[in-house]
Amino acid sequence: MIHDTGVLIGRNLRLSLTTRSFFQLVVSPLVFFAGFAIVLDRLLTLRGVDFGQFLPPAIVMMAMGLAPVSTAFFIGRERQSGMLDRCRTMPINSLSVLIARLATDAVRSLIPIVVLVAAGHVIGFRFAGVPSAVGFALLAVAFALSFCLGAAVVAIRSPDPESSASALFLPMLPLINLSTVFAPMSVFPDWLEPVIRINPYSVVVDALRALAAGQPVSWWPPLAWIVGLSLFFGLAAVRAFRRA
């Protein structure tokens with residue numbers, strides 16, 4: 001199983017790290033970063049928010065939210081090309097296909113994190129130390145992969161994989177907008193605060209900001225979301241791949 005998984009990871013990386021992916025993983029995050037920097041700099045500064053520390057984790061979360069779309073796209077393409085059917089006829093553990101896909105998505109998720117941290121350095125973003133940087137990257141990638149598992153289920157079960165990949169944008173938009181990703185809690189009305197607080201995007205981005213600044217982190221909310229989503233979607237993904 002380990003050998004099969006390694007071979008599939010190498011194949012996935014060769015297919016997914018292309019010129020097109022360069023624009024998706026490098027250029028697009030930088031464009032979003034520049035756009036939001038121009039719009040939010042003065043607004044956040046006037047509210048007393050440390051703009052340099054606030055913005056980069058927000059764009060990282062946005063990039064992690066797009067990772068499941070790529071997962072659904074590549075799995076859908078494998079379905080349509082017949083690659084998944086060929087894997088079923090070969091002496092390959094079906095879990096190797098899923099694990100290889102997630103490992104590839106983890107590598108793809110790390111690229112925009114590195115790019116955005118470097119861009120954030122220009123506007124004053126800093127880590128409190130190496131452990132903070134490592135924890136920041138691991139938490140962000142783990143969050144992305146928990147949703148990638150859900151995207152895998154959708155792509156396997158959907159009769160139209162390409163449409164399913166596009167549809168994954170829809171739940172991401174309200175989750176980001178009703179969170180502290182791009183706005184501090186103080187800007188939301190009081191009646192909406194309970195929703196904002198339990199939003200997984202709020203929970204994780206707040207933990208990322210605390211990690212970067214070297215502040216105490218309340219680990220159980222982000223880990224509860226990540227573990228819960230991973231277990232729920234993971235079990236469904238395993239069943240879906242075995243039946244694919």
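The structure presented is a predicted model; accordingly, all values stated were derived computationally and were not measured. (Residues numbered from 1 in each chain as written. Predicted model: local features only at pLDDT ≥ 70, side-chain atom pairs only at ≥ 80, totals over all residues. Heavy atoms only, no water.)

A.B. asks: Can you lay out the side chain of S202 for me, pointing to particular residues and giving the numbers?
C.D. replies: Position of S202 among the secondary structure elements: in helix α10 (residues 200-213). Those residues within four positions of S202 in sequence are excluded, and the remaining contacts are L178, S179, T180 and I196. (Helix = DSSP H or I, 4+ residues; strand = E, 2+ residues; numbered from the N terminus. Contact = heavy atoms within 4.5 Å.)

A.B. asks: Outline the nonpolar core, supporting the account with residue identities and numerical values.
C.D. replies: Ranked by size, the top nonpolar core spans 63 residues in total, and within it M61, M64, I113, F136, V181 and F182 carry the most contacts. At the level of elements, α2 (19-46), α3 (51-81), α5 (94-122), α6 (130-157), α8 (169-177), α10 and α11 (220-243) are the ones that each hand at least two residues to this core. Dropping the residues within four chain positions of it, I113 is found in contact with V60, M64, F136, A137, A140 and V141. By size, the runner-up hydrophobic cluster in this structure holds 5 residues, among which are A183, M185, F188 and I196. (Core = buried A, V, L, I, M, F, W, Y, C linked by side-chain atoms within 4.5 Å. Buried < 20%, exposed > 50% of the residue type's maximum accessible area, 1.4 Å probe, protein only.)

A.B. asks: Can you break down the side chain of S70 residue by residue, with the values?
C.D. replies: Turning to its location among the elements, S70 is positioned in helix α3. Here the side chain of S70 touches Q24 through a polar contact of 2.6 Å, side chain to side chain. What S70 contacts, discounting residues up to four positions off in sequence, is Q24 and R108. (Polar contact = N/O pair within 3.5 Å; in protein donor to acceptor, adjacent residues only side chain to side chain.)

A.B. asks: Tell me about the packing of α6 against α10, and please be specific about residues and values.
C.D. replies: Two elements in contact, α6 and α10, have axes whose closest approach is 8 Å; the angle formed by their N-to-C orientations is 165 degrees. Here α10 runs roughly antiparallel to α6, going by the angle between their axes. The crossing of α6 and α10 is left-handed. For the pair α6 and α10, the contacting residues are S132, G135, F136, L139, A140 and F143 in the first and P200, Y201, V204, A207, L208, L211 and A212 in the second. (Axes fitted to C-alpha atoms, helices over the stretch in contact; angles between N-to-C directions. Parallel < 35°, antiparallel > 145°, perpendicular 65-115°, else oblique. Left-handed = near helix turned anticlockwise from the far one by under 90°.)

A.B. asks: Can you explain the environment of F233? Please cite residues and give values.
C.D. replies: Looking at the element boundaries, F233 is found in helix α11. Sequence separation between F233 and A152 is 81 residues; the distance between their C-alpha atoms is 8.6 Å. Apart from residues lying up to four places away in sequence, F233 is in contact with S146, L149, G150 and V153.

A.B. asks: Describe α2, with residues and values.
C.D. replies: In a regular helix each residue adds 1.5 Å, so 28 residues correspond to 40 Å; α2 covers 40 Å between its end C-alpha atoms and thus fits that length. Helix geometry: α2 is bent most strongly at L40, by close to 45 degrees. Following α2 by one or two positions, G48 has its phi on the positive side, about 80 degrees. (Expected span 1.5 Å × (residues − 1). Bend = angle between axes of the 7 residues up to and from the residue.)

A.B. asks: If you had to explain the confidence of the model for the chain to someone new, which residues and values would you point to?
C.D. replies: Mean pLDDT over the chain: 85, with 89% of residues reaching 70 or higher. Within the chain, helix α4 (residues 83-89) has the poorest average pLDDT of any element, 65, and α10 the best, 95. (pLDDT = per-residue confidence, 0-100.)

A.B. asks: Explain the packing of aromatic side chains to me, and be specific about the residues and the numbers.
C.D. replies: Taken as a whole and assessed by the stated rule, the structure comprises 10 aromatic pairs. Taking the centre distance of 5.1 Å and the plane angle of 75 degrees together, the rings of F125 and F127 count as edge-to-face. Exposure remark for F125: the relative accessible area of 2% places this residue in the buried category. Overall, the relative accessible area of 25% leaves F127 in the partly exposed class. (Phe/Tyr/Trp six-rings, centres within 6.5 Å; stacked < 30°, edge-to-face > 60°.)

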